[in-house]
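Observations on chain architecture
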Amino acid sequence: MSHLPQTIHEARRLLRSGAMTSVELTEAYLERIAWMEPDIRAYLHVAEAQSLAQARLADERMAAGQDTPLLGVPLGVKDIINVQGMPATAGSRILEGFRPPYEATVVRKLREQGAVFLGKLNTDEFAMGWSTENSAYGVTHNPWALDRVPGGSSGGPAAAVAAGEAIAALGTDTGGSVRQPASWTNTVGLRPTYGRVSRYGVIAFASSLDQVGPMTRDVRDSALLLEAIAGHDPKDSTTFPDAVPHYADMLDGGVRGMRFGLPREYFTERMHPGVERATREAVARLRDLGAIVEEVSLPHTGYGMPVYYLIATAEASANLSRYDGVRYGYSAQAPDLQENYKLTRGRGFGPEVKRRILLGTYALSAGYYDAYYLKAQKVRTLIRADFDAVFERCDALIAPVAPIPPYRIGEAPTDPVALYLLDVLTLPSALAGVPALALPAGFVEDDGAKLPVGVQFIGRPLDEATLFRIGRAFEQTNEVA
Amino acid sequence: MISAVLDCEGLLYFMPLDCRRQSHFIQELSRLLSKSRKDILRKFKRQFDGFHAFTLHHASNQIYNQTNFAPTELAFLKSEIRNSNFEIPNFATMPKLTPEEVQHIAELAKLALSEEEIERYASDLSAILDYARQLQNVDTDHIHPTASVLPLRNVMRLDEVRPGLEPEAALANAPASEKGYFRVHAVLEGSQ
C-alpha cells in the first residue's frame, strides 16, 4: 500500500470512499508491526487472526451501509485493559497466561462501533512506572531515539502510535501515565475527567485515580476516541451520568480571548532547560493566537508527590491483594496455603510493585494511618481547592508535562525519591480529577539527540471540549512551525 | 529534645521518637506532670514503648480503650503537654524503617521477600517516608479528607437477577480446580 493513513479520520475517509477495505488497512498495519517490532517492542501480543476477522466484519458492515467514526479502524490497547479473546498481563508475571473471561466496557463500546483491535501494548507492571522498564516482558523503545525509553506507564501505546504501528490506542493514566509518554513520543494523550470513562474491565491500580485515555496522533482523533468510550456505565458506579458531547464537532473556534493560567510552581529546579523553553514558546504561541496568559499559583503543587504516593500505593495494596495464586495467574504451588500466598506474590510481582505494596500497606497500617494516609487525603482536598480557585479566573492551565526529556534505557535515577519526582507535574491534576490534554510542543536537544517535548492543557471537570478546542488551535501552530 | 505538634482535632502527635528519645520524653514528661499523676504516666509509658513513630492520637484511643484512662485523665495529659514548651518536630530526623518493620509489613501484605529485598526496601521506604513527612507542615485544620473526587452519592440499582459469569468461565484461569470449585491446600491443621 503506497499510503498508510495515520489518523482515524483519514482512515475513515479512505474506507468510506472505498479507496481501501478494512482488511487491506489491517493487513497493512500488521505488516508495519512485523517490520517495526524488532526495533520498538511495543506489542506484548499481536492478534493477527482476530484483527483480520474483525476487519472482515467491519467491511461487511460498511457494505451494508453502516458508517460510524471508528468502523474498520485498527487500534491498539494497553495490556491492562481486558479484551475478550486476548491475554491480559498488566505487564506482570503474576498474570502470565491470564485470559480475562469478560471485556472492558471501553473495548466493548469500540467493538460495537466496529473498531479493529491489533493487539495488546506494553506497560509498566500494573501501570507503576515511567518508562516500561518495569514491565516483566521487556522495555519498549522510543521511536524517536531507540536507545531511550518511550515514557510510561502507557509506553507501549505511545510508541506504537508514534511508530505508526496502530492508528490510535487506549492507555490509562493514574498519575500521568498517558500524558508523560505522549509528551516523550510526539503524540497526543488525554487524561479524561475522573468518572468520564468507565473503569470496568480495566485492571485496577489506584481506583480513585485510574482513568482510560485516548492516545492518538492528533487532537481530532483524541476527540473521536473519547466520544466513543465515554459515558455512564451501570457496571462502574463512579461514572458520570452526564451526556457525552460530540467533541469532534466542537474543535473549531480558536482560543482568542480565552484566559490561560501558567502555574508558577510547575517550573521546578530540576527542570531541563529545553522543557522550560518549549513551555515558554508554547505560551508565546497561545498569545499570538489571541489568548490571555497570566501567571497563577497552585500553592500545594509540591505536596502532590507525597500525597499521590501515599494514596495510590494504599489503594494499590488493597487492589493487588486479589493476586493470591488461587483464582487466576501464577501460583507458586507451595503445599501450605499461607506459604503459597507469600511465595506466589513474592515471585510474581516485580520490584517496583512490591515497593509500592509495602509503602501502601505501611501507610494504612495501625499507628500510621492518620499520620500518612488520612493526612494525604486532607492535603488532596487542598490540592483540589487550588484548581477550583484558578478555574474561577482561567478557562484552562498550560504547563509542562515531564520535567526532563526521555532518558536512556537503564539510566533512570536510582534514588526512589528522584524517580517519583518524574511525574510531579502530572500528579496534582490526577489527584484533583480534572482532565488534561498533552500535546506535542516541539523538540529539545539533549546530549546530541533531538527529542520530543510536550505541553499539557489542564481543564475544568467535564470540560474536555474546551481542551480539544485549545488543542486543535495549538496543534495548527505546530503544523506551520 | 522533645517534639510534639497538635493536630486539627487538638490531639498531639509525637513523631520523631526513637527509643532513646522516647525515654527522654517520658523523663521530661515526668518532670512536668505532678507527682499525683505518676500513675497516668506509667500507663502511658506502657503504651508508648514499642512505637518508633508514635501518635498520641492513636495512643489516646488505645489508652482509653485498653488501659482505662478516664477522659478527664487524658484531657489532663494533653493539656499538660500542650502547656509545656515542646518543639515543632523536625521530621528530617525521623528514624529509619528497620528491616524488622519491613518484614512485618511484608507479612501483612503476604509477600515473601529475600534478605537483600528487605534491606533494600527498608532503605527505599525510609527515603520516601522522609520525603512524605513534609505533609506534616501543611495546616489541615478543619479540612475534610478526599476519598473520591466525585460528589458523594449513593448509586442504587434494582435488585434484579442478571446474567453473570458461568462457573466454567470463572474457573478457566484457576491454577487448580475441582468439581466447580477453586482448589486450595488445607487451611486448617489436620484437615484433608
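Placed above this text is the structure.
Just so we're clear, the structure is a prediction, and the values are computed from it rather than from any experiment.

**Remarks on helix α1 (residues 8–17) of chain A**
All names here are of chain A. By the burial criterion, the buried members of α1 are Ile-8, Glu-10, Ala-11, Arg-12 and Leu-15. Where the residues of α1 are buried, they touch α2 (22–40), α3 (48–63), β4 (168–173) and α7 (219–229). Directly after α1, the chain includes Gly-18, whose backbone phi takes a positive value near 85 degrees.

**Re the layout of surface pockets**
When its volume is computed, the largest pocket comes out at roughly 430 Å³. Considering only residue class, the lining of the largest pocket consists of 13 nonpolar, four polar and six charged.

**Things to note about the interface of chain B and chain A**
Counting residues at the interface gives 60 residues for chain B, matched by 67 residues for chain A. Taking both partners together, chain B and chain A bury about 5600 Å²; carbon and sulfur atoms supply 67% of that area. Across the contact surface, chain B and chain A share three salt bridges. Of the charged contacts, one joins B:Glu117 and A:Lys354 as a salt bridge, the two residues approaching to 2.6 Å between their closest N and O atoms. On inspection of chain B and its partner chain A, the count reaches 19 residue pairs in polar contact (both at pLDDT 80 or more).

**Remarks on the sheet that holds strand β6 (residues 211–216) of chain A**
Residues and elements named next belong to chain A. Pairing in this open sheet of 11 strands is mixed, and the strands run β1-β3-β2-β4-β6-β5-β10-β11-β9-β7-β8 from one edge to the other. Across the chains shown, the open sheet's two edge strands, defined by having one partner strand only, are β1 (43–46) and β8 (292–296). Neighbouring strand axes in the sheet, compared pairwise and without regard to direction, differ in orientation by 30 degrees on average. Where strand β7 (residues 259–263) lies against β8, five bridges are found, and the strand directions are parallel. Of the residues in β8, the one forming a bridge with Pro-263 is Val-296. Across the sheet, helix α12 (residues 369–391) touches β8, β9 (396–400) and β11 (449–459), and the angle it forms with β9 is around 120 degrees.

**Overview of the pairing of strand β10 (residues 436–446) of chain A**
All names here are of chain A. Alignment of strand β5 (residues 188–191) against β10, held across three bridges, turns out to be antiparallel. Note that in β10 the partner of Arg-191 across the bridge is Ala-436. As defined by bridge partners, β10 adjoins β11 across nine bridges and the pair is classed as antiparallel. Bridged to Phe-443 within β11 is Pro-452. Here β10 folds back onto β11 in antiparallel fashion, the turn holding two residues, of which Asp-447 has a positive phi close to 55 degrees.

**Here we look at the packing of aromatic side chains**
All names here are of chain A. Taken as a whole, this structure holds 19 aromatic pairs over all chains when the rule is applied. A ring pair is formed by Trp-184 and Tyr-407, whose centres lie 5.9 Å apart and whose planes are at 80 degrees; its orientation type is edge-to-face. Separated by 223 residues along the polypeptide, Trp-184 in helix α6 (residues 179–184) and Tyr-407 in the loop between β9 and α13 (416–420) bring together distant segments of the chain. With 5.5 Å between their ring centres and 70 degrees between their planes, Phe-457 and Phe-474 make a pair best called edge-to-face. Residue Phe-457 is found in strand β11, and its partner Phe-474 is found in helix α15 (residues 464–480); the two are separated by 17 residues along the sequence.

**Focus: the packing of helix α11 (residues 351–364) of chain A against helix α5 (residues 99–108) of chain B**
Interhelical geometry of α11(A) versus α5(B) gives an angle of 95 degrees and a closest axis separation of 9 Å. With respect to α5(B), the element α11(A) is oriented roughly perpendicular. On α5(B), the residues touching A:Leu358, A:Thr361 and A:Tyr362 of α11(A) are B:Val102, B:Ile105, B:Ala106 and B:Leu108.

**A word on the pattern of salt bridges**
On inspection of all chains with the given rule, the structure shows 26 salt bridges over all chains. A salt bridge links A:Glu295 to A:Arg264, with the nearest nitrogen and oxygen atoms 2.7 Å apart. A residue pair is termed long-range when its members are at least 10 positions apart, and A:Glu295 in strand β8 and A:Arg264 in the loop between β7 and α8 (273–288) qualify at 31 residues. Given a relative accessible area of 43%, A:Arg264 falls into the partly exposed group. Across the pair A:Arg393 and A:Glu294 runs a salt bridge, and its minimum N-O distance is 3.1 Å. In this pair, A:Arg393 is assigned in the loop between α12 and β9 and A:Glu294 in strand β8, connecting sequence segments 99 residues apart. Salt bridges here are not isolated pairs; linked through shared partners, they connect A:Glu352, A:Arg355, A:Arg356 and B:Asp124.

The rules behind these values
Residues numbered from 1 in each chain as written. Chains lettered and ligands numbered in written order. Predicted model: local features only at pLDDT ≥ 70, side-chain atom pairs only at ≥ 80, totals over all residues. Heavy atoms only, no water. Buried < 20%, exposed > 50% of the residue type's maximum accessible area, 1.4 Å probe, protein only. Helix = DSSP H or I, 4+ residues; strand = E, 2+ residues; numbered from the N terminus. Contact = heavy atoms within 4.5 Å. 1 Å grid on protein atoms, 1.4 Å probe; cavity = no way out; pocket = protein on both sides within 12 Å on 5 of 7 lines; lining within 4 Å. Points joined across faces, edges and corners; volume = space filled by probe spheres on them. Nonpolar A, V, L, I, M, F, W, Y, C, P; charged D, E, K, R; others polar. Buried area = accessible area lost by both parts, 1.4 Å probe. Salt bridge = Lys/Arg side-chain N within 4 Å of Asp/Glu carboxyl O. Polar contact = N/O pair within 3.5 Å; in protein donor to acceptor, adjacent residues only side chain to side chain. Pairing = 2+ DSSP bridges. Axes fitted to C-alpha atoms, helices over the stretch in contact; angles between N-to-C directions. Phe/Tyr/Trp six-rings, centres within 6.5 Å; stacked < 30°, edge-to-face > 60°. Parallel < 35°, antiparallel > 145°, perpendicular 65-115°, else oblique.

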